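Geometric and topological summary
As a plain string of letters, each chain reads:
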Amino acid sequence: CTGRLWKRRFPDVSKQSIREFLELFVDAFLFKSDKRLKFSPDDKIMDIYKSLYPCSWWADALEYECLFIDVERRYGFDLTETTMNRDTTLGQLFDMIKNRVS
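Residues numbered from 1 in each chain as written. Predicted model: local features only at pLDDT ≥ 70, side-chain atom pairs only at ≥ 80, totals over all residues. Heavy atoms only, no water.

1. What about the pattern of salt bridges?
Evaluated as defined, the whole model comprises five salt bridges. Asp87 serves as the salt-bridge partner of Lys44, at 3.3 Å between the closest nitrogen and oxygen. Within this pair, whereas Lys44 is found in the loop between helix 2 (15–28) and helix 3 (45–52), its partner Asp87 is found in the loop between helix 4 (63–75) and helix 5 (90–101), the two being separated by 43 residues in sequence. On the basis of relative accessible area, Asp87 is assigned to the partly exposed category, the value being 45%. Close ionic contact of Lys98 with Asp95 constitutes a salt bridge, the shortest N to O distance being 3.5 Å. Placement of the pair is Lys98 and Asp95 together in helix 5, with a separation of three residues, close to one helical turn. What makes Lys98 partly exposed here is its relative accessible area of 25%. (Salt bridge = Lys/Arg side-chain N within 4 Å of Asp/Glu carboxyl O. Helix = DSSP H or I, 4+ residues; strand = E, 2+ residues; numbered from the N terminus. Buried < 20%, exposed > 50% of the residue type's maximum accessible area, 1.4 Å probe, protein only.)

What follows is the structure, given as structure tokens:
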């Protein structure tokens, strides 16, 4: 369980807010809900994606696109305006959203 890592990184954020963000992520990436606390704030989103699709020619399930749409719907934050790259972590994404929405 990575709940402690998330609370240590974001002590002023409620557990519920962290869980909601992680739930949004696992939904977009088609993981089961009970896996949400398996992901650390230091996990790179692209590494997670690459673990699902190790071959570049495999068709994906539009996880990134779903994540962008879900973040905009839930938080009103347009990820296309950010500087997300292959090294962006879940914690960095959460921080971007938290700072933009606050």
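So, next bit.
2. Points about the nonpolar core
Membership of the largest hydrophobic core comes to 28 residues, with the highest contact counts inside it found for Phe21, Phe25 and Phe29. Broken down by secondary-structure element, the contributors of at least two residues to this core are helix 2, helix 3, helix 4 and helix 5. If you tally residues by element for this core, the top one is helix 2, at seven residues. Excluding anything up to four places from it in sequence, Phe21 contacts Trp6, Tyr75, Leu90, Leu93, Phe94 and Ile97. (Core = buried A, V, L, I, M, F, W, Y, C linked by side-chain atoms within 4.5 Å. Contact = heavy atoms within 4.5 Å.)

3. What to know about the environment of Phe77
Its location among the elements puts Phe77 in the loop between helix 4 and helix 5. Assessed through its relative accessible area of 3%, Phe77 is described here as buried. Sequence separation between Phe77 and Lys98 is 21 residues; the distance between their C-alpha atoms is 9.8 Å. Not counting chain neighbours up to four residues away, the residues in contact with Phe77 comprise Val71, Glu72, Thr82, Met96, Ile97 and Arg100.

4. Regarding helix 4
In this model helix 4 runs 18 Å from its N-terminal to its C-terminal C-alpha over 13 residues, within 8% of the 18 Å that 1.5 Å per residue would give. The set of residues buried in helix 4 consists of Glu63, Tyr64, Leu67, Val71 and Tyr75. Seen from one end, helix 4 has its buried residues packed into an arc of 95°, which puts them on one side. Count one or two residues on from helix 4 and you reach Gly76, which has phi positive near 70°. (Expected span 1.5 Å × (residues − 1). Arc of directions from axis to C-beta.)

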